[in-house]
Each structure stands twice: as C-alpha cells, then as structure tokens.
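Analysis of the macromolecular model
For reference, the chains in residue letters:
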Amino acid sequence: MAVSPQIFPPRKRRPSAGAFISPTLSDLKLVESLLILSQEVSSMKPLQFLLQRSCLSIIRKVKLLSLFFEELLANQVSFFSPPTVLCFEEMYIVLQRMKTLIEDCYNGSKMWLLMQIETAANNFHELTIDLSTLLDIMPLQELRLSQDVEDVVVLIKKQCSKRTKGALVDSKDDKLRLQVLTTLDQIKKEIVPDHSILKQMFESLGLRNSSACKEEIESLEEEIQNQTDQKSKHFAAALIGLVRYTKCVLFGASVQKSDSRLRRKKSASDANVPADFRCPISLELMRNPVVVATGQTYDRQSISLWIESGHNTCPKTGQTLAHTNLVTNTALKNLIALWCREQRIPFDYAASSEKVNGVVTNKAALEATKMTASFLINKLATSQSMEAANDAVYELRSLSKTDSDSRACIAEAGAIALLARHLGPDTASRLPNLQVNAVTTILNLSILEANKTRIMETEGALNGVIEVLRSGATWEAKGNAAATIFSLSGVHAHRKTLGRKTRVVKGLMDLVKGGPTSSKRDALVAILNLAGDRETVGRLVERGIVEIVAEAMDVLPEESVTILEAVVKRGGLTAIVAAYNTIKKLCILLREGSDTSRESAAATLVTICRKGGSEMVADIAAVPGIERVIWELMESGTARARRKAAALLRILRRWAAGLDARSSSTTTVTTTAMTNSRIVLPS
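Looking at an unreviewed UniProt entry, one finds the protein chain named RING-type E3 ubiquitin transferase and attributed to Citrus sinensis. Per UniProt, the comment on the protein chain under Catalytic activity (unreviewed entry) is "S-ubiquitinyl-[E2 ubiquitin-conjugating enzyme]-L-cysteine + [acceptor protein]-L-lysine = [E2 ubiquitin-conjugating enzyme]-L-cysteine + N(6)-ubiquitinyl-[acceptor protein]-L-lysine." The record held by UniProt for the protein chain lists under Pathway (unreviewed entry) the comment "Protein modification; protein ubiquitination."

Structural data, given as structure tokens:
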C-alpha cells in the first residue's frame, strides 16, 4: 500500500476561541445560551458522503437535548447548585466542539477527511462519551423536570451508550479510503488508473463535476498550508495530483472565468504588492527571496543573473560582496506565500517532488502530474476544432500555474510547439480567448529556467509570442506576451537575442504608449531587463525610450524611473541629452515618490550631472527647494538613496563653488541641446 493514513497527524482544525471557553453568565443566561447553541447544532446539515452515521447521531442527540433546556427555561429556575452550573458550563464547551467539528468536516477537503476518517470518527465518539458523562453526573433530581423530559434524558443516555459499541468507521468509508490509497499506489508505479474506478470513487465523495473538483483542489491546497510536517504536505500534494488528473479525464475543462478574473489570478501585476515583497532589481514580486552577504534581500533569479554577469557588488548598497553565497529568506518567503494566498495569486509553496539523495520523495504527485500533462497534450494534438483546443489549452494554463513540476512535465511532453500554433492572427480573429490562453500558458512555462531555452529553440514559439505582442487580440494577450519576453530575457544570452529584434523593442514600446496600466507594467519590466545590455540600450534610445518612460512616469513611476536610470547609465551622450526634459519630473519624484522611485531618481540625477556637464547641474540647482529635498532624502531614504543624495549635494555645491561638477567624465553637453526654461517644483 502506498501510504498508511495512521501515520499522519490529526487534521488541523480551526475552531473559534469560544469553542473551548464557557461563557461567564448568570445561571438563567447560561441555560438560554445552551438552548441557542443546541438549536444551532441540531439545525446543521448532516454530512452527506462521509461519517454520515456519526454526524447524524450527534445531531439527533443534541436535538433531543434542546428539549431539556427548553424545559429548564419554562420552569423559570433562576438559581442552580454549583455542581449543576459546572455541568452546564462543561456542556457548553462540548456543544461548541460538536458544532466546530461538524463545520470543519463539512467545509474542508473531502479527500483529506477521508484520509483522516479514523481520527474524525474518534472525535465524534469522544464527544458522545463526554455528553454521556455529563448527563450521568448531572443532579437531575433538583431540576424538577417533567416525566417526559426525564424520559428524553434517559433516552439520550441509552443512545450514547449504544454508540460506544461497534466499529467507529463505516465499512463503506473504510473501503473508499483503501481504494484511494490503492489508486495512489498505482500512480506511483506509473500505472494509469481505471477510469471506471475513478468515477465510482469520486461519485462516492460527491465530486461529480469539474467545478466540484476545482473546489476540492483549492481545499487541499489550504490543507497544505495547515499542515506542519513535510510528509503530510507531500501526501496532500499527491491527492491534488489525483483530483486534477481525474477532473481532466472524467469531466473535461472547467468553466472559464472572465479575462479580468483570470488576470488577477495569473500574477501579481494587478495587485498592490507591498514594497518589501518586491525585488529591488526586477521590481517584481519575489518568488524565492534570498539574502546576500550585505544582508540585503533579492529574488534568487535576479541576483543570480547579476552575479553571473560579472558583478561582485550588492546592487542596492554598492558594497563589495564578501562571498556570493545566497541564503533563503524563509521568514519573508512565508509572509509572501500568505499574502499571495489572500490575493489568490499562484505561489510555489513547496516543491511537490523534492529529491533526497537523488530519489523523488513524492513520486505519486509527480506521476499524477505527468499523466495529466500527457492526457491534455494528447487531447490538444488530436482536437478537431478550436473550441476543443481551447478547452485543452485552458486546462494546461491552469496546470502550468501550479508548480515547477507541472511546468517541467508540460514542456517535456512537447506542449510548446502545439501552443505556438495558436498564437497567430488566424486564432486571434476566430477565437481570441484561445490566443490568450496559449500565450499565457507559454508565459507560465517560461517561469521554469529550463523552459526558457526550450521556448527560444522551439520553431515558431518566439515568433508567435512576438506576433501576439505586436498584434494580439486583446490587451491581456499583449501584456502576457510582454511578460513572456521579460521572463525569457532573464537569461543573459536570450536578453541579447531579444534586444537585437526590432519587432520586440517596437512592440514593447508601443505597448507602453498605448496599453492599459497592467500591460504598460508588463512592457516596462521587460524593457528594464533588456536595458541590461548596452547594445540594446542604444536601440531603445534611438526609438525614443526616454520620452516614452517620461510619459509613463505619471502612471508607473517606480518602473519608469528605474528604466531611465539604466538608460542614462548605459546610453551615452544621446541618452543624457534626451533625459534633460525629465529633470523636472525626477525632482518631483525625489520629493514625493516611493522609497524605490526616490532612490532611482537620485541615482539618475547624479548620472545626468556627471555626464551632462555644468549646464545640466545649473538647471537642477535652479530648482527651488532642491537642496532641502536632497537633505530630506539623506535623512529618510534607503541606504543607497542616502548615498546618491549625498553625491548629488556634493555635485551641486562644487558647481556653486565654481568647480567641475563631473567626477570622472570630461564630456560636456552643449547648451544648444537643451531648452533654457527654468524648472520649478510644484508646491
């Protein structure tokens, strides 16, 4: 057998604080509270597919118990003996625990509940015993109950005693659990499960359509977060793989949500990402935050590319790195994971197929993912209509969002070439949603490092993405194509290749000029990556990137000013001249922007001064209040911002003293290249 459920810890429940605390009330109010609570429990809907007997038995007993409390209130007894009050207080706790247990079983994952069936059944059994004990020790003779109610109490005692005999788990539930474990064992051995058995199992659990399976997957994903040990997390991941595979082979595609809903769940680009969760290099949400030798945190992919490019300094502080070891920032990663979960943004919480000594520790989950990917790709390859292809691509899109294993399995099975067929204008005109799903799937696949090269080398894939970037059917398609370019440009060799393609540069810049905010952001971060190559910066400057980001600075200041910083640093004299008209906006950002934008604005102004000559410095010095703004940045900015502000202040004071403002360059920009208008900061 694959896994014995007894080795897993009890299901982690989320009871309210009041579930284990009796209220501090007067005797009469306490009885009223017990009546209300018993009525709430007795009106609860019994579990439909698992633990039916245990749940229904508890509800029936509590329903009878409510008659007992009704009688007490009808007798208008305002004072009870201390032993009676103590029994009532303990009974309140027992009823709260009953309510919590039923709610937890009803609202959670059915698969996980099935695997924990013995624990759950035992919880029901223990509550029955607790209720029976309280009724046995309660001094009923002093409560002046009617004969009918006394008979009801006696009946409840007998029912509690009867329930303590025999097996706690129903035979059908136990059989179903063994079927699921056997199926997981078959998948682990790379044996494709019998579809008729899968159908029988899932119908027994009430998972009878695609929507129910999708909800079950979401519940299991929550269970992964609720578990503390890796073995339970891996087992939940294996169950997710089973449910996802069964959903595809039995029920087909899910009902596709609106584009806006998909967009929100696709990435963090539309969410207001906290500044501490953004990588200082890419400005994107960090997926794998790591700490470098200086104590600064970056996304692993971004800082690795920085180091591989030959840099030995910390990008944020400028300090030389004592070593290049990268240590995972586990605390921050957990915070980001929690935030992503609240925002419904996909996040790789844990690898589903980690290796120990070269052996996959969760083979069932991995093999289930391979079977799902193979099934969907075969369905896509043999589809006879665009609608059928769209169903398969949509499922591949959903699968590719889940984790690295899914992305690897999909790409290894040959999906990229099939997806590339649906990126062209014919698809865009006949079924725009298919183009959106196809390019988004390629975007998701490109997150995996190995897939970047696969996409670049697969015939038609890159050209298809560029075609969508330039003439996609929707803004979402264009934005996701830009995000794909950004992802691919994370590899240094690919960055050069992409930067040499005129269609890529023009497509990104057109998207910045004419797209909605979310698409602008995707295009800007792609341009920022491409600007890491000096040759590409020249092409960007020639096509007017400085003017474009100056306009975008009003909407997306952080991304725009970071690009401007990179361009003036690597773009030479032409870039400096072009950047002259941005000085006013840079000075405004220096005062009013976020920490990141103030830092980049200061760095950009320093570069402009050093390379642009005294005329540039004069215009900055003429800005009213600029020195006070710089002092404020030196006091409250980031470490790098403070350094850049200090450098800018030194340059301005050297200029005021009649000294050369440039630290290293002797190049002077001629006055004819600039306007003579005085720059004024708004109040």
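Next comes the rest of the account.
This brings us to the overall build of the protein chain. Assigned secondary structure in the protein chain consists of 34 helices and five strands. Residue burial in the protein chain is summarised as follows: out of 683 residues, 53% are buried. If you sum the accessible surface of the protein chain, you get close to 29,400 Å²; carbon and sulfur atoms cover 50% of it.

For the pair helix H9 (residues 210–226) and helix H10 (residues 230–251), the least separation of the axes is 9 Å and the interaxial angle reads 170°. Here H9 lies roughly antiparallel to H10, going by the angle between them. Contact with H9, carried on its side by Ser 210, Cys 213, Lys 214, Glu 216, Ile 217, Leu 220, Glu 221, Ile 224 and Gln 225, involves Lys 233, Ala 236, Ala 237, Leu 239, Ile 240, Val 243, Arg 244, Lys 247 and Phe 251 of H10 and no other residues of that element. Among the residues forming the contact of H9 with H10, the class breakdown is 10 nonpolar, two polar and six charged.

Here we take up the UniProt feature "coiled-coil region" (unreviewed entry) in the protein chain. Mapped onto the present numbering, the UniProt feature "coiled-coil region" (unreviewed entry) falls on residues 210–237. Between the end C-alpha atoms of residues 210–237 there is a gap of 19 Å, over a span that is 89% helix and 0% strand.

If you trace the three strands from one edge of the open sheet to the other, you get E2-E1-E3, paired in antiparallel fashion. A single partner strand is all that each edge strand has here, and the edge strands are strand E2 (297–299) and strand E3 (327–328). Across three bridges, strand E1 (residues 289–291) lies against E2 in antiparallel orientation. Bridge pairing links Pro 289 to Asp 299 in E2. Across the face of the sheet, helix H12 (residues 300–308) comes into contact with E1, E2 and E3 while running at roughly 95° to E2.

Let us look at unusual backbone geometry. Generally, phi is negative for residues other than glycine and the peptide bonds are trans, each holding for most cases. Even without glycine at this site, Leu 51 takes up a positive phi of about 55°. Mapped onto the fold, Leu 51 is located in the loop between helix H1 (27–42) and helix H2 (52–74). Owing to a relative accessible area of 2%, Leu 51 belongs among the buried residues under this scheme. The phi dihedral of Glu 190 falls on the positive side, at around 65°, and the residue is not glycine. Under the relative-accessibility criterion, Glu 190 is labelled exposed at 51%.

It is at 11 Å that the axes of helix H7 (residues 171–188) and helix H8 (residues 195–204) come closest, and there the two elements cross at 135°. Classified by the angle between their axes, H7 and H8 sit oblique to one another. Between H7 and H8 the crossing geometry is left-handed. Side by side, H7 and H8 meet where Leu 176, Gln 179, Val 180 and Thr 183 of the first sit next to Leu 198, Gln 200, Met 201 and Ser 204 of the second. Its residues assigned to classes, the contact of H7 with H8 shows four nonpolar, four polar and no charged.

For the rest of this paragraph, the subject is the pattern of salt bridges. Scanning the model with the defined rule gives 28 salt bridges in all. Across the pair Asp 510 and Lys 506 runs a salt bridge whose closest N-O atoms are separated by 2.9 Å. In this pair, Asp 510 and Lys 506 are both assigned in helix H24 (residues 502–514), four residues apart and thus about one turn of the helix distant. Overall, the relative accessible area of 31% leaves Asp 510 in the partly exposed class. Judged by relative accessible area, Lys 506 falls into the partly exposed class, the value being 32%. The network of salt bridges with shared partners includes Glu 190, Lys 363, Glu 367 and Lys 370.

Over its 15 residues, helix H19 (residues 432–446) extends 21 Å from the first C-alpha to the last, a length consistent with the 21 Å expected when each residue adds 1.5 Å. Taken across its 15 residues, H19 has 13 buried, putting it largely inside the fold.

Relative to the helices and strands, Gln 301 is located in helix H12. Here the alpha-carbon distance between Gln 301 and Cys 279, two residues 22 residues apart in the chain, equals 9.9 Å. If we ignore the near neighbours within four places in the chain, the residues touching Gln 301 are Glu 449, Lys 452, Ser 487 and Gly 490.

Moving on: the packing of aromatic side chains. Under the criterion given, the structure shown has six aromatic pairs. When the centroid spacing of 6.4 Å and the interplanar angle of 70° are considered together, the rings of Phe 69 and Phe 88 count as edge-to-face. One end of the pair, Phe 69, is in helix H2; the other, Phe 88, is in helix H3 (residues 82–107), with 19 residues separating them in the sequence. For Phe 69, a relative accessible area of 0% translates into the label buried. Phe 88 sits in the buried class, given a relative accessible area of 1%.

Position of Ser 54 relative to the elements: it lies in helix H2. For Ser 54, a relative accessible area of 5% gives the class buried. Each C-alpha atom, one on Ser 54 and one on Asn 123, is 9.6 Å from the other, the two residues being 69 residues apart in sequence.

Looking now at the state of the cysteines. For the coordinates displayed, the defined rule picks out zero disulfides. Left without a disulfide partner, Cys 213 is nearest to the cysteine sulfur of Cys 248, which lies 9.2 Å away. Under the relative-accessibility criterion, Cys 213 is labelled buried at 0%. Between Cys 587, a cysteine without a disulfide, and Cys 609, which holds the nearest cysteine sulfur, the sulfur-to-sulfur distance is 8.9 Å. In this structure Cys 587 comes out as buried when scored by relative accessible area, which is 0%.

Ranked by size, the top nonpolar core spans 104 residues in total, and within it Ile 485, Leu 508, Ile 545 and Leu 590 carry the most contacts. Both domain 4 (378–543) and domain 5 (580–663) contribute no fewer than three residues apiece to this core. Beyond its immediate stretch of four places on either side in the chain, Ile 485 contacts Leu 462, Val 465, Leu 469, Leu 498, Val 504, Leu 508 and Ala 526. Judged by nonpolar contacts, the second largest core, of 83 residues, contains Ala 120, Leu 131, Leu 140 and Leu 239.

About the cut-offs
Residues numbered from 1 in each chain as written. Predicted model: local features only at pLDDT ≥ 70, side-chain atom pairs only at ≥ 80, totals over all residues. Heavy atoms only, no water. UniProt positions renumbered as here; feature names shortened; annotations may be inferred. Helix = DSSP H or I, 4+ residues; strand = E, 2+ residues; numbered from the N terminus. Buried < 20%, exposed > 50% of the residue type's maximum accessible area, 1.4 Å probe, protein only. Areas by Shrake-Rupley, 256 points an atom, 1.4 Å probe, with all protein chains shown as cover. Axes fitted to C-alpha atoms, helices over the stretch in contact; angles between N-to-C directions. Parallel < 35°, antiparallel > 145°, perpendicular 65-115°, else oblique. Contact = heavy atoms within 4.5 Å. Nonpolar A, V, L, I, M, F, W, Y, C, P; charged D, E, K, R; others polar. Pairing = 2+ DSSP bridges. Left-handed = near helix turned anticlockwise from the far one by under 90°. Salt bridge = Lys/Arg side-chain N within 4 Å of Asp/Glu carboxyl O. Expected span 1.5 Å × (residues − 1). Phe/Tyr/Trp six-rings, centres within 6.5 Å; stacked < 30°, edge-to-face > 60°. Disulfide = S-S within 2.5 Å. Core = buried A, V, L, I, M, F, W, Y, C linked by side-chain atoms within 4.5 Å. Domains from an automatic or database assignment.

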